[in-house]
There are 2 protein chains.
Amino acid sequence: MTTYSFSPDQKMYQIPNRNATKKEIIKINMLCEKQKKRDKKIVVIQGLGFVGAVMGALVADCEIENKSKYFVIGIDLPSQDSFWKIATINKGNSPYKAKDPEVEKIFKRTILNKKTFLATWISEAYSEADIIIVDINLDVDKTIPGKVEETDVSIANFKKAMVTIGKYMNKEALVLIETTVPPGTVENVIKPILEKCFRVRNIDLKKNPILLAHSYERVMPGENYIDSIKKINRTFSAVNKKALNKTREFLNDIIDTKNHPLWELDKPLASEIAKILENSYRAVNIAFMYEWTLFAEDIGVNLFEIVDSIKVRKGTHDNMRYPGFGVGGYCLPKDPLLAEWASKYIFKRKKHLNFSIDAVKINDLMPHHTYDLLMKGLNYHIKGKKITILGASYRKDVDDTRNSPTILLYDDIINSGGKPKVHDPYAISMFDRKDIRIESDIDLSLANASAVIFVVDHAEYVNLSMKKIIKSLIAKACIVDGFNVLSDDKLYYLKKRGFSVLGVGKGHIKNF
Amino acid sequence: MTTYSFSPDQKMYQIPNRNATKKEIIKINMLCEKQKKRDKKIVVIQGLGFVGAVMGALVADCEIENKSKYFVIGIDLPSQDSFWKIATINKGNSPYKAKDPEVEKIFKRTILNKKTFLATWISEAYSEADIIIVDINLDVDKTIPGKVEETDVSIANFKKAMVTIGKYMNKEALVLIETTVPPGTVENVIKPILEKCFRVRNIDLKKNPILLAHSYERVMPGENYIDSIKKINRTFSAVNKKALNKTREFLNDIIDTKNHPLWELDKPLASEIAKILENSYRAVNIAFMYEWTLFAEDIGVNLFEIVDSIKVRKGTHDNMRYPGFGVGGYCLPKDPLLAEWASKYIFKRKKHLNFSIDAVKINDLMPHHTYDLLMKGLNYHIKGKKITILGASYRKDVDDTRNSPTILLYDDIINSGGKPKVHDPYAISMFDRKDIRIESDIDLSLANASAVIFVVDHAEYVNLSMKKIIKSLIAKACIVDGFNVLSDDKLYYLKKRGFSVLGVGKGHIKNF
């Protein structure tokens, strides 16, 4: 039976069969022999997600004295969910759309021109690698939003992926973990797996200790997608001196370490903690602001201007967050839970990281509040009404819909009998919920809606003309600004024209 | 009966009797008439605490075109607790010791040379004021540390002080509230009190609406005590346009607004919230780090180097806090509770500001953890042993012992049968606990101690020689670094010499 993998833009790719796989093994092997003769180092990337794909292109693009130093093979699974990434990359395209114009260019350049990058699905490629970079997902399974006590970390698949590496890898290859893992995973989970594989393969661990390192990325899809890998400080660590030195050398090639120096920590546990602590801090600061959002609305002050007034304190308060609609993306909704999981299952602690847990709980459920404002604005009559949600991605001007907070709002509206329409100028499908259709035509989306909810500050929404809103919506429609997308004077303008206007964090809309 | 007021350095001042008060009234009245003839504006400061005293000196020091613009009268109570401040100031000295050399100079200059500043205890002075600045305390009564649910805000005394102003003030005077108050206090508590006083005095509130404003300081006693008022952004607000304009003009005179522009918010509730939110944010970020401190110690990593590695992310993470001993001072232990109190009693809300409440709980009890480390280091044998605590003030190189976290540790040691000695090079008495003696001789304090605990990073402690520690303490004594006062290499050095060395946040002390 032939099966297919569909890309988000609905392009169809045939998943390779056994015969194609046999041919691919031979092809990759020959290609690598050729590259090695040319003195190229082979880098294999495990996982072609938001990090792995672009990381692969970046490594492939690296030149030392005008000569490409690395030949990069990106590996993902020949599955319905993943094969399209391999096919897309091999055509010279980025699997992810982003505002950063460098993204498409770097894929074209490395795949088609330099020919230093290709994608494949065969595990045999690991055996060719001088360096293996792990960029696969390690997910947290949340059954019910906000019920973070019932979450589990899907470590089983991750372990299997490590076994695959251990089976195939060259005994002198460096394995560099970039995946965000529960602290302790490198030394307590990955290292034992690789060592077991070496023992099975009769490799003497004394002569060939596992060369294992950890270094976390700070990728941010969007306008500066490439620079968020290349021009940002890197923290790294390794299980031994040799692995540490190899990692340092490699990162110095790839990252602009002149302007963004490397930061060496003394063991993998320390850099694993750093990644999680960094994101937990962010998650807590967002959740903290949520409580003040409710307070500000209840007592009639505009929290945005208050936060602005506090942010002038540089160095202590300038990173304060604003009220918002919710938290999405791959990292913040799960990373704080990885620490709690490690604390419980790897280190058998009984104490909890309560702030981190509470933050995820609050952030997960935050979109309910925008729904509450909607209901208030509609005077609790929602049945059968067209409700337009402007935004499916969680972040300004990107197409990334992983853990989109829009989903919770969408479901709230459905559950109360409303008819939600979701619009986004970038995203074409909802990562976690294929049943939610995303419209791309803003006029159709707004036409005759009883309410419109702004949930992300895409440029198209910030620049939306007031005239268009007034013309499209029904009279006295409800307008909810969930993310400070419209300025206060716009909101006041709409209010004066009879619309029911509400804003998250805006207990008070100034009269201009 | 003659009663006396004692300053922290045990100087004795006779509290004025009725006769002295009568004379003082006449003196102040004559003085003010003279100043008014010279076109001076009279500013009366209510409360000569850490803010009011220095604020008074700053206003008195203000010159416009080389001429003093303001004549300042500082008022405090003729009580045992407070009269010494009045007497100290009138001698040309600051009531508070600080490392900032400008502090003593500005008191000398304004009191003795310019003669633009004096302190008194008579309420009649309010009637002379063009501007009344409220800098009295508004305390939170905590019965048991960590039991923040049982706290109450002592608003009664604050209300009485407002009545005094309302009784005496000129109907055109500006009342500027600098005291940190529960949000809503200016419009829901102070304004009604002043209006009631005006009505009793038959003042037409339509012709003479109360001129009431709010502006919060960001004073930090220490090296930059003066600049922490003068060279820092100010947020302000007022109940009407006239009060707003008067406040703006006044603040422009006093504060370096060219480099630190004023920030105007549209109502007192907004700026009251800003102050509390600013400090709650800080308190939460400290408490958040506490949970990670325990985690780091349990799993054997050094949280300081991890936080350093994260802080390179400028703008989002560079204000992350380090693990520490505890939280003291006037603001952080109480301000977050003022918001919760206002939410409950002024705005009758049922929702809570849980992050803020939890933060105060955690921060209040944090010194218990340093005690736990001490016990571990002593192998749980503490009875009868001399335990030296280095630090009584809560902050580097200041003498401020308000809400000092040292108290909790001191009591823990007493309760388990140890013999605590508290040393501090700056503080001479413990603000909230006169029974705790503070030693100033470091040699005597350290001699033959079974343990030493560093709780604040005073320069004297940071520079303490390892030889002195080794010579003073008994063999194999316990050394606990509660505040990252000693570097890791020093700690390792002491460990190698047989001492039992532990550090808050230091699950791992590097081998240099």
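This is a predicted model, so every value here is computed, not measured.

K.L.:
Run through the overall build of chain A, naming residues and quoting values.
P.N.:
In terms of regular secondary structure, chain A is built from 18 helices and 20 strands. The C-alpha atoms of chain A give a radius of gyration of 25 Å, which matches the 24 Å a tight globule of 512 residues would have. Dimensions of chain A, computed from the C-alpha atoms along their principal axes, are close to 75 × 50 × 45 Å.

K.L.:
Mind laying out the sheet that holds strand β15 (residues 386-390) of chain B, listing which residues take part and the relevant values?
P.N.:
Residues and elements named next belong to chain B. Read across the sheet, six strands follow the order β17-β16-β15-β18-β19-β20 without closing on themselves; strand pairing throughout is parallel. The open sheet is flanked by β17 (438-439) and β20 (500-503), the only strands paired with a single partner. Examined bridge by bridge, β15 and strand β18 (residues 451-454) share four bridges and lie parallel to one another. In the sheet register, L390 faces β18, and the bridge partner there is F454. Where helix α13 (residues 367-377) meets the sheet, its contacts fall on β18, β19 (478-481) and β20, and the angle it forms with β19 comes to roughly 155°.

K.L.:
Explain the domain arrangement of chain A to me, using residue names and the numbers behind them.
P.N.:
Residue and element names in this part refer to chain A. According to the domain assignment, chain A contains domain 1 (36-266) and domain 2 (286-503). Its C-alpha centre places domain 1 at a distance of 33 Å from the equivalent point of domain 2. Between domain 1 and domain 2, the residue contacts involve 18 residues of the former and 24 residues of the latter. The residue inventory of the side of domain 1 that touches domain 2, partitioned by class, reads nine nonpolar, six polar and three charged.

K.L.:
Run through helix α12 (residues 354-365) of chain A, naming residues and quoting values.
P.N.:
Along its twelve residues, α12 of chain A runs 17 Å from first to last C-alpha, staying within 8% of the 16 Å computed at 1.5 Å per residue. Of the positions making up α12 of chain A, those classed as buried are F355, S356, D358, A359, V360, I362, N363 and D364 of chain A.

K.L.:
Describe the interface of chain B and chain A, listing the residues and the values that go with them.
P.N.:
In this complex, chain B contributes 42 residues to the contact, which on the side of chain A involves 41 residues. For the side of chain B that touches chain A, the secondary structure elements donating two or more residues are α9 (268-299), α10 (303-311) and α12 (354-365) of chain B. Of the residues in the side of chain B that touches chain A, the class split is 23 nonpolar, ten polar and nine charged.

K.L.:
Please give an account of the environment of I165 of chain B that cites residues and values.
P.N.:
On the secondary structure map, I165 of chain B appears in helix α5 (residues 155-168). When the C-alpha atoms of I165 of chain B and K376 of chain B are compared, they prove to be 55 Å apart, with 211 residues separating the residues in sequence.

K.L.:
Can you explain the relation of the copies chain B and chain A? Please cite residues and give values.
P.N.:
Superposition record for chain B on chain A: RMSD 0.0 Å, screw rotation 180°, translation along axis 0.0 Å. Here the copies are linked by what is in effect a two-fold axis. A share of 98% of interface residues in chain B that are also interface residues in chain A marks the association as one of identical surfaces.

K.L.:
Give me the confidence of the model for chain A: which residues, what numbers.
P.N.:
Confidence in the prediction for chain A averages 95 pLDDT; 100% of positions are at 70 or higher. Interface scoring of the predicted complex returns ipTM 0.94; its pTM is 0.94.

K.L.:
Outline the packing of helix α5 (residues 155-168) of chain A against helix α6 (residues 185-200) of chain A, supporting the account with residue identities and numerical values.
P.N.:
All names here are of chain A. Here α5 crosses α6 at 35°, and the two axes come no closer than 8 Å. For the pair α5 and α6, the crossing hand works out as right-handed. Between α5, through K159, M162, V163, G166 and K167, and α6, the contact on the second element is made entirely by V189, I190, I193, L194, C197 and F198. Looking at side-chain class alone, the contact of α5 with α6 contains eight nonpolar, one polar and two charged residues.

K.L.:
Could you give me a rundown of the packing of helix α2 (residues 52-61) of chain B against helix α4 (residues 101-113) of chain B, with the residues and numbers involved?
P.N.:
Residue and element names in this part refer to chain B. Where α2 meets α4, the closest approach of the two axes is 9 Å, and the angle between their N-to-C directions is 55°. Relative to α4, the element α2 is oriented oblique. Of the two possible hands of crossing, α2 and α4 adopt the one that is left-handed. Between α2 and α4, the residues in contact are V54, A57, L58, A60 and D61 and V103, I106, F107, R109 and T110, respectively. In terms of residue class, the contact of α2 with α4 is built from seven nonpolar, one polar and two charged.

K.L.:
Now, about α5 of chain B: what can you tell me, with residues and values included?
P.N.:
Counting along an α-helix, one turn takes 3.6 residues, and residues three or four places apart therefore face a common direction. Residues and elements named next belong to chain B. End to end, α5 covers 20 Å across 14 residues, agreeing with the expected 20 Å (1.5 Å per residue, within 8%). Along α5, the residues that are buried comprise F158, A161, M162, I165, G166 and Y168. Residues of α5 that are buried sit in contact with β3 (41-46), β8 (131-134), β11 (174-177) and α6 (185-200).

K.L.:
Please provide a residue-by-residue account of the nonpolar core, values included.
P.N.:
If you look at the biggest cluster of nonpolar residues, it comprises 324 residues, and the most contacted ones within it are V175 of chain A together with V175 of chain B. The residues contacting V175 of chain B, other than those within four sequence positions of it, are I132, V134, I165, M169, L194, L211 and L212 of chain B.

Conventions and cut-offs
- Residues numbered from 1 in each chain as written.
- Chains lettered and ligands numbered in written order.
- Predicted model: local features only at pLDDT ≥ 70, side-chain atom pairs only at ≥ 80, totals over all residues.
- Helix = DSSP H or I, 4+ residues; strand = E, 2+ residues; numbered from the N terminus.
- Rg over C-alpha atoms; globule rule 2.2 N^0.38 Å.
- Pairing = 2+ DSSP bridges.
- Contact = placed C-beta atoms within 7 Å.
- Axes fitted to C-alpha atoms, helices over the stretch in contact; angles between N-to-C directions.
- Domains from an automatic or database assignment.
- Nonpolar A, V, L, I, M, F, W, Y, C, P; charged D, E, K, R; others polar.
- Expected span 1.5 Å × (residues − 1).
- Buried ≥ 20, exposed ≤ 12 C-beta atoms within 10 Å, placed from the backbone.
- Least-squares fit on C-alpha atoms with pLDDT ≥ 70 in both.
- pLDDT = per-residue confidence, 0-100.
- Left-handed = near helix turned anticlockwise from the far one by under 90°.
- Parallel < 35°, antiparallel > 145°, perpendicular 65-115°, else oblique.
- Core = buried A, V, L, I, M, F, W, Y, C linked by C-beta atoms within 7 Å.

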